[in-house]
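Coordinate analysis (summary)
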Amino acid sequence: MINSSDQRPSARAGALAEDLRSLVGKLKRRLREQAGPDDLTPSQVSILLRLEKDGPATVSSLARSEKMRPQSMSAAVAALLAAGLVSGAPDPGDGRQTILSLTKACREWIRVGRAARQDWLSRTISARLSAREQDELAAAVELLKRLVDD
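Bear in mind that the values here come from a model prediction, so they are computed numbers and not experimental data. (Residues numbered from 1 in each chain as written. Predicted model: local features only at pLDDT ≥ 70, side-chain atom pairs only at ≥ 80, totals over all residues. Heavy atoms only, no water.)

1. Some remarks on a positive patch on the surface
Rules: Each patch groups residues whose relative accessible area exceeds 30% and which form no salt bridge, using 9 Å between like charges and 5 Å between nonpolar side chains of Val, Leu, Ile, Met, Phe, Trp and Tyr. Areas reported as accessible are Shrake-Rupley estimates using a 1.4 Å probe. Residue values count occlusion only from the protein chains shown. The salt bridge criterion pairs a side-chain nitrogen of Lys or Arg with a carboxyl oxygen of Asp or Glu, the two atoms within 4 Å. As used throughout, the charge tally considers Lys and Arg to be positive and Asp and Glu to be negative, leaving His and the chain termini uncounted. Just so you know, the charge point we use is NZ for Lys, CZ for Arg, CG for Asp and CD for Glu. Only DSSP runs of H or I reaching four residues or more are called helices, and only runs of E reaching two or more are called strands; each is numbered from the N terminus.
A cluster of basic residues, Lys-26, Lys-28, Arg-29 and Arg-32, forms a positive patch on the protein surface. Looking at where Lys-26 falls in the secondary structure, it is placed in helix α1 (residues 11–34).

2. Concerning helix α4 (residues 70–82)
Every α-helical turn comprises 3.6 residues, leaving residues that sit three or four positions apart pointing alike. Where we set the bar: Expected helix span is taken as 1.5 Å per residue step, with the number of steps being one fewer than the number of residues. Accessible area is worked out with a 1.4 Å probe on protein chains only. A residue is then buried under 20% of its type maximum, exposed over 50%, and partly exposed in between. Picture the helix axis, draw a direction to every C-beta atom, and the arc is the one those directions span. By definition, residues are in contact when any of their heavy atoms lie within 4.5 Å.
Under the 1.5 Å per step criterion, the end-to-end length of α4 is 18 Å for 13 residues, consistent within 8% with the ideal 18 Å. Burial in α4 covers these residues: Met-73, Ala-76, Val-77 and Leu-80. One face of α4 carries all of its buried residues, which in axial projection span an arc of 100 degrees. Counted as exposed and oriented over 90 degrees from the buried face of α4: Gln-71, Ala-75 and Ala-82. As for α4, its buried residues are in contact with α2 (42–54), α3 (59–66), β1 (86–91) and β2 (94–102). Where α4 ends, the next residue or the one after it, Gly-84, has phi of about 75 degrees, a positive value.

3. What about the pairing of β1?
So the rule is basically this: Paired strands are those between which DSSP finds at least two bridges.
In terms of strand pairing, β1 meets β2 through 6 bridges, oriented antiparallel. When the bridges of β2 are listed, Pro-90 appears paired with Thr-98. In this antiparallel pair of consecutive strands, β1 and β2, the connection spans 2 residues.

4. Digging into the side chain of Glu-66
Note the threshold: Each polar contact in these results corresponds to two N or O atoms within 3.5 Å; when the atoms are within protein, one needs to be able to donate a hydrogen and the other to accept it, and residues that are neighboring in sequence are counted only if both atoms are side-chain atoms.
Relative to the assigned elements, Glu-66 resides in helix α3. A polar atom in the side chain of Glu-66 sits 2.4 Å from the side chain of Ser-46. Apart from the residues lying within four places of it in its own chain, the contact partners of Glu-66 are Ser-46, Arg-50 and Met-73.

5. A closer look at the packing of α2 against α4
Our working definition: In this analysis an axis means a line fitted to C-alpha atoms, helices contributing only their contacting stretch, and an angle means the value between N-to-C directions, from 0 to 180 degrees. Just so you know how the angles are binned, under 35 degrees is roughly parallel, over 145 roughly antiparallel, 65 to 115 roughly perpendicular, and the rest oblique. Note on residue categories: nonpolar means Ala, Val, Leu, Ile, Met, Phe, Trp, Tyr, Cys or Pro, charged means Asp, Glu, Lys or Arg, and polar means any other residue, Gly included.
At a minimum axis distance of 10 Å, the contact between α2 and α4 shows a crossing angle of 80 degrees. Judged by the inter-axis angle, α2 sits roughly perpendicular to α4. Packed against α2, whose contacting residues are Gln-44, Ile-47 and Leu-48, the element α4 presents Met-73, Ala-76, Ala-79 and Leu-80 at the interface. Residue classes in the contact of α2 with α4 are distributed as 6 nonpolar, 1 polar and no charged.

Shown next, in the form of C-alpha cells:
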C-alpha cells in the first residue's frame, strides 16, 4: 500500500514485492525445467519470442528492440540460424539486409515446450491445491494481472 504523504511503499508492500519476485523466479525456473533441456541462452530465447510476437525482423531492428549491440545480436542470430530455429531471406526493400523469421521447426519447438509447461502446471495445481485453494489462486491471478496491465 502506498502512503499518500510520501508515496513510498509500506513495509508490507516491500515484503510482498520481495516474496513475489522470488516466487516468480522460482516458478519460471520450474517451468523451464518442464520443457526439457535446451542449449539456448536467455538472449536467444528472447529473440525467438520477439520474432514470434512481432514477426519477421532484421538483425538491426532486433538489436534495437532487445537493447543489444548489433554485433552481439549478430552472434546470437548466427547460433539460431545454425540451429535451424530461424531462417533469413533478403529484404525486398534493401538487399543489404536480411529478414529473419522463425522456422516451422522452431514454431513446433515453442508449441511443444509451452504444452509441456502448461501440462505440468495444470497437473501440479490439481494435485496440490484443493478446490477452495484453486479459487484463491484464481483471485490472486486476477490481482497479479492488475499489477502488470497498463
